[in-house]
Amino acid sequence: MGRKILAVVVAMIVAIAIMMIVEMANSLVIMPPSDDVMRDPAKLREFMANGPVKAYVIVLIGYVLASFAGGFIVTKMSRRESPGLTLPIIIGVLLTLGMVASIVMLPGQPIWFLIAGFLIFIPLSLIGHRFAR
């Protein structure tokens, strides 16, 4: 049981680190909002709605890499303890919940981005699981 928990924690740390690295690289494409914009919900919504498509695509690439790595790592670390799909699905669900938090904190993201984001995490964590076997 301890190995499963450790596998999930390590996989989530790696997945979040990958997303953070991609987000930092994304700041080279689009400048982050100023403090004035972050304090005003209407300005923040407008800023997010008018963001370049390239910036959102970069974020989606980060989501793909993070969920794949999460599924891969959780499978490799827990191979003997949990050979099934439960742990990669847990990783996908936790990452999806993280996206829900992002939607709440940064309103105004395009609908196509939200749909793509919801469709990425669980399937890609399962693909990572498949590659790890």
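Engineer: Would you mind going over the overall build of the protein with me for this structure?
Structural biologist: Helix and strand counts for the protein stand at 6 helices and 0 strands. Listing every helix and strand of the protein by position from the N terminus yields α-α-α-α-α-α. Overall, the protein is about 50 × 25 × 25 Å in size when its C-alpha atoms are taken along their principal axes. Expressed as a percentage of its 133 residues, the buried residues of the protein come to 37%.

Engineer: Honestly, the pattern of salt bridges in this entry has me stumped. Any pointers?
Structural biologist: Two side chains of opposite charge can pair, provided their charged atoms sit close to one another. Across all of its chains, the model carries 1 salt bridge by this definition. For the salt bridge of Asp36 with Lys43, the shortest nitrogen-to-oxygen distance reads 2.9 Å. The exposure class assigned to Asp36 is partly exposed, which follows from its relative accessible area of 43%. Relative accessible area serves as the criterion here: at 36%, Lys43 is assigned to the partly exposed category.

Engineer: What is the right way to read the packing of helix α4 (residues 53-77) against helix α6 (residues 111-132) from this model?
Structural biologist: A pair of packed helices is characterised by two quantities: the angle between their axes and the separation of those axes. At a minimum axis distance of 7 Å, the contact between α4 and α6 shows a crossing angle of 30°. Considered as vectors, α4 and α6 are oriented roughly parallel to each other. Considering how the two elements wind past one another, α4 and α6 form a crossing that is right-handed. Split by residue class, the contact of α4 with α6 holds 18 nonpolar, 7 polar and 1 charged.

Engineer: I tried to follow the layout of surface pockets on my own but got confused; where do I start?
Structural biologist: Any space left empty among the atoms is revealed by the rolling of a water-sized probe across them. By volume, the largest pocket amounts to about 770 Å³. For the largest pocket, the lining is made up of 29 residues, of which Glu23, Val59, Tyr63, Ser102 and Leu106 are closest to its centre. Those elements that provide at least two residues to the lining of the largest pocket are α1 (2-26), α3 (41-49), α4, α5 (86-105) and α6. Its residues placed into classes, the lining of the largest pocket shows 22 nonpolar, 6 polar and 1 charged.

Engineer: In this structure, what is going on with the side chain of Asn26? I would like to understand it.
Structural biologist: Take Asn26: it is sitting in helix α1. Among the polar contacts made by the side chain of Asn26, one reaches the main-chain carbonyl oxygen of Ala55 at a distance of 3.2 Å. Residues contacting Asn26, with those up to four places away along its chain left out, are Ala55, Ile58 and Val59.

Engineer: How do you make sense of the packing of α1 against α4 when you look at a structure like this?
Structural biologist: Interaxial distance between α1 and α4 falls to 8 Å at its minimum, and their mutual angle equals 160°. With respect to their mutual orientation, α1 and α4 come out roughly antiparallel. In the crossing of α1 with α4, the sense of the turn from one axis to the other is right-handed. Of the residues in the contact of α1 with α4, the class split is 20 nonpolar, 3 polar and 2 charged.

The rules behind each value
- Residues numbered from 1 in each chain as written.
- Predicted model: local features only at pLDDT ≥ 70, side-chain atom pairs only at ≥ 80, totals over all residues.
- Heavy atoms only, no water.
- Helix = DSSP H or I, 4+ residues; strand = E, 2+ residues; numbered from the N terminus.
- Buried < 20%, exposed > 50% of the residue type's maximum accessible area, 1.4 Å probe, protein only.
- Salt bridge = Lys/Arg side-chain N within 4 Å of Asp/Glu carboxyl O.
- Axes fitted to C-alpha atoms, helices over the stretch in contact; angles between N-to-C directions.
- Parallel < 35°, antiparallel > 145°, perpendicular 65-115°, else oblique.
- Left-handed = near helix turned anticlockwise from the far one by under 90°.
- Nonpolar A, V, L, I, M, F, W, Y, C, P; charged D, E, K, R; others polar.
- 1 Å grid on protein atoms, 1.4 Å probe; cavity = no way out; pocket = protein on both sides within 12 Å on 5 of 7 lines; lining within 4 Å.
- Points joined across faces, edges and corners; volume = space filled by probe spheres on them.
- Polar contact = N/O pair within 3.5 Å; in protein donor to acceptor, adjacent residues only side chain to side chain.
- Contact = heavy atoms within 4.5 Å.

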